[in-house]
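Each chain, letter by letter, is given below.
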Amino acid sequence: MDLSIRKVCKRFDGFNALDDVSLDIGSGELIALLGPSGSGKTTLLRLIAGLDLPSGGQIFFAGEDASRRSVQERNIGFVFQSYALFRHMTVLENVGFGLSVRRGPARVPAAEIRRRSLELLDLVQLSGLEKRYPHQLSGGQRQRVALARALAIEPSVLLLDEPFGALDAKVRRELRSWLRDLHDRTGHTTVFVTHDQEEALELADRVVVMSQGRIEQVGTPDEIYDRPVSPFVFSFIGESSSLPVRVEDGQVWFEDRPIGIPAGEVANGAATLYFRPHDVELLHGCGGCLAGTVVSSRRVAGARRIDLSMGAGDVIAEIEVPADHPSLAKGRIAFRPTRWRIFPARADAAPTTGSASSGAALPRLALTGS
Amino acid sequence: MVLDIPADRNVAPRSAVTESPLTRMVLIALALGFLLLFLVLPLLAVFVQAFAKGVDAYFAALALPDSLAAIKLTLLVAAIAVPCNLVFGVAAAWAIAKFEFKGKAFLITLVDLPFSVSPVISGLVYVLLFGSGSLLGPWLTSHGIQILFAVPGIVLATIFVTFPFIARELIPLMQDQGTADEEAALSLGATGWQTFWRVTLPNIRWGLLYGVLLCNARAMGEFGAVSVVSGHIRGLTNTMPLHVEILYNEYNFTGAFAVASLLALLALVTLIMKTLLELRYSRAGSLSTPH
């Protein structure tokens, strides 16, 4: 079932938790809501579920306005961060709960509840554990019981709040691919909240990056990583270095010299240059490039990360060099980004406010040179 | 005993927060002696006095019509007051723990009011409210409704005094448990009523039972407030604690201590059940917090 969120706002005691959020989610999509804490991602998930009601705006389920429907009427499957399993019920009773509360014509016979619950436990690979109580399960098992319980009511949309937040790294990776697999098999429209970009980029069809109650960017993992549309997204996703630069007549200047990067369509004036530490080429002395003094270096897996003190100010840029790079000893390294973005300083001055400037007057992007 | 302590005790490793054996012994002896003197001895005295004239005299004293009436009345009052406070207590705890609203702090203070007011004052409030000199008094009299110096007054005073026990027990428990379980039940399609019976109530059952136990013990043992509103009419408005006082004032020691021994027994049973519940409660509690 497709979802449509139209200009939704949510205020808590004068604080805007969500501010004019619009988003379309296609049927069967797997969507990640990604952002730092306080960005409004969980609030948005709860509004979709009907656990909270929006202060303004509408939410459409398959074209019908569901904004005023109660949580029971929305038929959603919600998996809570803490799982919220009923501790006095067995695993089987937990999974069957949603069916057992149905009354009237929708009533489900006990035998049927049992059959479907067992089927779901099989789906989440927990067969044989149906008589256990939640406290007798590991974190990953609880997570899967919560998921089976949510799936039991055949929800029109599956909502997961930080589904892997409470698990250790190894279990988290296993469950991640398992969830992707499950989604592909069952085809539920799924929205999950996470603060872990790796999780979002790996798992989701599309990622919604949120900050301070607004959507910064919606796109496929590739789009989000390769073409971030705002300084916030660039610095939040992946690793990034930034330098204060100046655009003059189509050239990008750092302090007193041009650095050999075309400014593209960015207007003249102060700007900020963003690049990924690994997207740099090392040069042997240069007329038009960046150069800095080595401040510190650390070994990161197969490469070495170096902090460079740039120019006269105390600006630090981080770049990645081969582990055996000799220039460490020299103390000075020249380089040039191979892929980068330039954002005018105005948008950068308040990169995370999500004010109108980051939407309408979004900076045109300079594209890569190489 | 001091001599038993090894000479090298200064070098023997001892945790910085552990006292010396001597200090420990003195402290333990003090605590035990105090308990013995002020709690165990009086309790024993009650039973010794009750059985001073033999087992037959004991049961004869309990079988007197006035004593039986007092026991019946006490059971009746508890049977009304405890269920009332069960409902009010759960409702108040639910409201305070699960919802945010203005005046919440004030409501918590109100719940605690009966604890902070002397029971005698609590009783007096009802005399002022329903007595013949009050606003309601004449209207009640003209309609033939007797509240003061009758069972309704005793029940009201008891409810007032015992109100906080269940609510106080549940509020921290329910606050701690949060609302995620309830939200999960609702998202699965359960109605509010189903959520309460199938999720909320099972989650709080041990705390609730514990509160009921304490509430019941106090309801049966309450003296001050009940004394003011009861009127001490023998066989009619005397509860067990009031009856004990009357018998004692009449130098009927066997009777007084026989009835008192029942109350003491109630206290002991409550204590044992409370301990059992606490064991169960803490185990269930530790199991139910997996995160």
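Throughout, residues of each chain are indexed from 1 in the direction in which the sequence is written. Note on labels: chains are lettered from A, ligands numbered from 1, in written order. Local features are withheld for residues below a pLDDT of 70 in this predicted model, meaning they are given only at 70 or higher, and side-chain atom pairs are given and counted only at 80 or more; totals for whole chains, interfaces and linings count all residues. Only heavy atoms go into the side-chain values, all of them from the structure, while hydrogens and water stay out.

With that settled, the discussion passes to the pattern of salt bridges. Two side chains carrying opposite charge are able to pair once their charged atoms lie near each other. For this document, the term salt bridge refers to a Lys or Arg side-chain nitrogen within 4 Å of an Asp or Glu carboxyl oxygen. Scanning all chains against the criterion turns up 35 salt bridges over all chains. Of the charged contacts in the structure, one is a salt bridge between Arg-339 of chain A and Asp-226 of chain A, with a shortest N-O distance of 3.7 Å. Of this pair, Arg-339 of chain A sits in the loop between strand S19 (332-337) and strand S20 (341-344) while Asp-226 of chain A is found in helix H8 (residues 221-226), placing the two residues 113 residues apart along the sequence. Accessibility expressed as a relative area gives 32% for Asp-226 of chain A, which makes it partly exposed. Measuring nitrogen to oxygen at the nearest pair gives 3.2 Å for the salt bridge that ties Glu-182 of chain B to Lys-98 of chain B. Of this pair, Glu-182 of chain B sits in helix H8 (residues 180-187) while Lys-98 of chain B sits in helix H3 (residues 65-98), and the two are 84 residues apart along the sequence. Overlapping salt bridges, with partners in common, bring together Glu-239, Arg-298, Arg-305, Asp-307, Glu-318 and Glu-320 of chain A in one network. Each helix corresponds to a stretch of at least 4 residues labelled H or I by DSSP, and each strand to a stretch of at least 2 residues labelled E; elements are numbered beginning at the N terminus. Three labels apply to residues, based on accessible area from a 1.4 Å probe with only protein chains included: buried if under 20% of the type maximum, exposed if over 50%, partly exposed otherwise in between.

Here, two residues are considered to be in contact whenever any of their heavy atoms come within 4.5 Å of each other. Listed by partner, the interface residues are 23 residues for chain B and 25 residues for chain A. Joining two parts hides part of their accessible area as seen by a 1.4 Å probe, and the buried area is that hidden amount summed over both. Roughly 2,200 Å² is buried in total at the junction of chain B and chain A, and carbon and sulfur atoms are behind 58% of that figure. Three residues stand out in chain B for area buried against chain A, namely Ser-187, Leu-188 and Arg-198 of chain B, and they jointly supply 31% of the buried area on that side. Seen at the junction of chain B and chain A, the total is two salt bridges. One salt bridge connects Arg-46 of chain A with Glu-183 of chain B, and the closest N-O pair in it is separated by 2.5 Å. For the side of chain B that touches chain A, the elements supplying multiple residues, two or more each, are H8 and helix H9 (192-221) of chain B. Split by residue class, the side of chain B that touches chain A holds ten nonpolar, nine polar and four charged. When residues are grouped by polarity, Ala, Val, Leu, Ile, Met, Phe, Trp, Tyr, Cys and Pro land in nonpolar, Asp, Glu, Lys and Arg in charged, and all others, Gly among them, in polar.

Residues and elements named next belong to chain A. Here, a strand pair is defined by DSSP locating no fewer than two bridges between the strands. Taking strand neighbours across the sheet as the criterion, the five strands line up as S13-S12-S11-S14-S20 in an open arrangement whose pairing is antiparallel. Two strands lie at the open edges of the sheet, namely strand S13 (257-262) and S20, each paired on one side alone. The average angle at which neighbouring strand axes cross in this sheet is 40°, direction not considered. When strand S14 (residues 269-275) meets S20, the two strands line up antiparallel, connected through four bridges. Bridged to Thr-272 within S20 is Phe-343. Comment: axis = line fitted to C-alpha atoms, over the contacting stretch for helices; angle = value between 0 and 180 degrees taken between N-to-C directions.

On to the domain arrangement of chain B. Residues and elements named next belong to chain B. Note that domain bounds follow an automatic or database assignment of domains. By the assigned domains, chain B splits into domain 1 (14-50) and domain 2 (54-284). A straight line from the C-alpha centre of domain 1 to that of domain 2 covers 31 Å. With five residues of domain 1 in contact, the opposing surface of domain 2 contributes ten residues. Taking both partners together, domain 1 and domain 2 bury about 620 Å²; carbon and sulfur atoms supply 82% of that area. Of all residues in domain 1, Val-46, Phe-47 and Ala-50 bury the most surface against domain 2, accounting for 68% of the area lost on that side. The tally of links from domain 1 across to domain 2 stands at zero salt bridges. Any pair of nitrogen or oxygen atoms within 3.5 Å is treated as a polar contact; in protein, a donor-acceptor pairing is required on top of that, and neighbouring residues in sequence qualify only through side-chain atoms on both sides. Counting across the interface, domain 1 meets domain 2 through zero residue pairs in polar contact (both at pLDDT 80 or more). By residue class, the composition of the side of domain 1 that touches domain 2 is four nonpolar, one polar and no charged.

All names here are of chain A. Taking burial as the measure, the five residues of strand S3 (residues 30-34) include five buried ones, the bulk of the element. Of the two faces of S3, the one carrying Leu-30, Ala-32 and Leu-34 and the one carrying Ile-31 and Leu-33 are both buried. With five bridges joining them, S3 and strand S8 (residues 189-194) adopt parallel strand pairing. Residue pairing for S8: Leu-34 is matched across the bridge by Thr-194. Taken together, the four bridges between S3 and strand S9 (residues 206-211) define a ladder with parallel strand orientation. Within S9, the residue paired with Ala-32 across the bridge is Val-207.

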